[in-house]
There are 2 protein chains.
Amino acid sequence: MDIQLKRGLLDVCVLAAIKNEDSYGYKIIKDMKPYIEMSESTLYTILKRLELAGMLTVRTSEHDGRLRKYYHITNAGLGRIQDFKNEWREVMCIYQFVTKEDK
Amino acid sequence: MDIQLKRGLLDVCVLAAIKNEDSYGYKIIKDMKPYIEMSESTLYTILKRLELAGMLTVRTSEHDGRLRKYYHITNAGLGRIQDFKNEWREVMCIYQFVTKEDK
DNA sequence: TGATATACATCGTATCACGAAGTATTGTTG
DNA sequence: CAACAATACTTCGTGATACGATGTATATCA
């Protein structure tokens, strides 16, 4: 998928991936794989960015002697998803503009 | 509109704006304004990029004593629009993933 | 005369996705 | 047991790119 097109989707995809239950990096990548692929470096960068922006909170917890960082969405994060939904109307107008056939 | 979301749309919007008839910078911005806004510096950068990529050709012509650069879409440019259309299926899947409500 | 519209160009900056590489631990399998 | 894959997270450098600021011209109009 076109990398530029991804840019507008990745952040909100990550938020969607933790919307229903807290999750951690490795799992997020696997859960999103059927929809959109991203490298680990990309994901962890995004998670840090979203944390800084207050869209999610982090909690470190041990699992099988290994540390895992669980991410939890905040109200701001849910709001971000809502904003995305609202903006989608504009996006669809643009899509129409680009793909409309002309006689 | 979110700048990251725009990134995936601008190139193909510009191509769409010259799809039916050759156009020039200033007019392209005005034609696209109802759908998507962009600064002049952005537009001219994009036009140069698309030309380099063989998606359009340029012809300079005088109009009222002033030079205008007319842009004409190539087959590669039309192909780019088609690719965008094809990719849109994936985009809609992602949209569903992000916005689906969960019981 | 001064503002506004038309028309294009250049430069520096900030954002961001990615590959490469690294660190650790836990299976798994030959 | 040795080698490798899977799990889990981190850091660094790079390239792409949208934008604001700024500059250059000419035409029109009040």
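Shown above is the structure to which this text applies.
Cut-offs and rules
- Residue numbers restart at each chain and count upward from 1, following the sequence in its written direction.
- For naming, the first written chain is A and the first written ligand is 1, with later ones following in the order written.
- Owing to the predicted nature of the model, reporting of local features is limited to residues with pLDDT of at least 70; listing and counting of side-chain atom pairs is limited to 80 or more, with chain, interface and lining totals taken over all residues.
- Hydrogens and water molecules were not included; the side-chain quantities draw on all heavy atoms of the structure.
- In this scheme, strands are said to pair when DSSP sees at least two bridges between them.
- Only DSSP runs of H or I covering at least 4 residues are called helices, and only runs of E covering at least 2 are called strands; the numbering of each starts at the N terminus.
- When the copies are superposed, the least-squares fit draws on C-alpha atoms of residues that have pLDDT of at least 70 in both.
- Any two residues whose heavy atoms approach within 4.5 Å at even a single point are treated as in contact.
- Whenever Lys or Arg places a side-chain nitrogen within 4 Å of a carboxyl oxygen from Asp or Glu, that contact is recorded as a salt bridge.
- When accessible area is computed with a 1.4 Å probe and restricted to protein chains, residues below 20% of their type maximum are described as buried, those above 50% as exposed, and intermediate ones as partly exposed.
- What makes a residue near a molecule or strand is one non-hydrogen atom of that residue sitting within 4 Å of it.
- N or O atoms closer than or at 3.5 Å make up a polar contact, with two conditions inside protein: a donor-capable atom paired with an acceptor-capable one, and, for residues adjacent in sequence, both atoms drawn from side chains.
- In this classification, Asp, Glu, Lys and Arg are treated as charged, Ala, Val, Leu, Ile, Met, Phe, Trp, Tyr, Cys and Pro as nonpolar, and every other residue, Gly included, as polar.
- Two aromatic rings from Phe, Tyr or Trp, using only the six-membered ring of Trp, form a pair when their centres are within 6.5 Å; if the ring planes differ by under 30 degrees the pair is stacked, by over 60 it is edge-to-face, and anything between is tilted.

Turning our attention to the pairing of strand E3 (residues 66–73) of chain B. Residue and element names in this part refer to chain B. Inspection of the sheet shows strand E1 (residues 23–24) paired to E3 by two bridges, in the antiparallel sense. Bridging across to E3, Ser23 finds its partner in Tyr71. Judged from the eight bridges that link them, strand E2 (residues 56–63) and E3 form a sheet pairing that is antiparallel. When the sheet's bridge partners are listed, Thr60 is paired in E3 with Lys69. Between E2 and the antiparallel strand that follows it, E3, lie two residues; Asp64 among them carries a positive phi value of about 55 degrees.

Right, let's get into the relation of the copies chain A and chain B. Placing chain A over chain B gives an RMSD of 0.0 Å and needs a rotation angle of 180 degrees, together with 0.0 Å of translation along the axis. Such a turn and shift between the copies fits a two-fold axis. Of all interface residues in chain A, 100% are interface residues in chain B too; the two copies therefore contact each other through one and the same surface.

Okay, the pattern of salt bridges next. Following the criterion strictly, the structure yields eight salt bridges over all chains and no others. In this structure, the salt-bridge partner of A:Asp31 is A:Lys27, at a minimum N-O distance of 3.0 Å. On the criterion of helical spacing, the pair formed by A:Asp31 and A:Lys27 is a turn pair, its members being four residues apart in helix H3 (residues 25–32). By relative accessible area, A:Lys27 is classed as partly exposed at 30%. B:Arg59 is the partner of B:Asp22 in a salt bridge, and the nearest nitrogen-oxygen pair spans 3.1 Å. Of this pair, B:Asp22 sits in the loop between helix H2 (10–17) and E1 while B:Arg59 sits in strand E2; the two residues are 37 residues apart in sequence, bridging distant segments of the chain.

Moving on: the protein's contact with DNA strand C. In the vicinity of DNA strand C there are 25 residues, among which A:Lys6, A:Arg49, B:Arg66, B:Arg68 and B:Lys69 approach most closely. Within 4 Å of the protein, atoms of DNA strand C come from sugar and phosphate in 69% of cases. Between DNA strand C and the protein, one listed contact pairs a phosphate oxygen with a side-chain N or O atom of B:Tyr24 at 3.1 Å. At 2.3 Å, a side-chain N or O of B:Arg68 approaches a phosphate oxygen of DNA strand C. Of all the secondary-structure elements, those providing two or more residues to the surface near DNA strand C are helix H1 (3–7) and helix H4 (40–52) of chain A together with helix H3 (25–32), helix H4 (40–52) and E3 of chain B. Within the surface near DNA strand C, the residues separate by chemical class into eight nonpolar, six polar and eleven charged.

The relation between two aromatic rings is expressed through the spacing of the ring centres and the mutual angle of the planes. Summed over all chains, the structure comprises eleven aromatic pairs over all chains. With centroids separated by 5.9 Å and ring planes inclined at 15 degrees, the aromatic side chains of A:Trp88 and B:Trp88 adopt a geometry described as stacked. Taken together, the residues A:Trp88 in helix H5 (residues 75–99) and B:Trp88 in helix H5 (residues 75–99) connect one chain to another. Its relative accessible area of 4% is what places B:Trp88 among the buried residues.

What follows concerns the protein's contact with DNA strand D. Surveying the vicinity of DNA strand D reveals 25 residues, the closest of which are A:Glu40, A:Arg66, A:Arg68, A:Lys69 and B:Lys6. Taking B:Arg7, its side chain carries an N or O atom lying 2.7 Å from a sugar or linking oxygen of DNA strand D. Among the secondary structure elements, those contributing two or more residues to the surface near DNA strand D are H3, H4 and strand E3 (66–73) of chain A together with helix H1 (3–7) and H4 of chain B. Residues of the surface near DNA strand D, tallied by class, amount to eight nonpolar, six polar and eleven charged.

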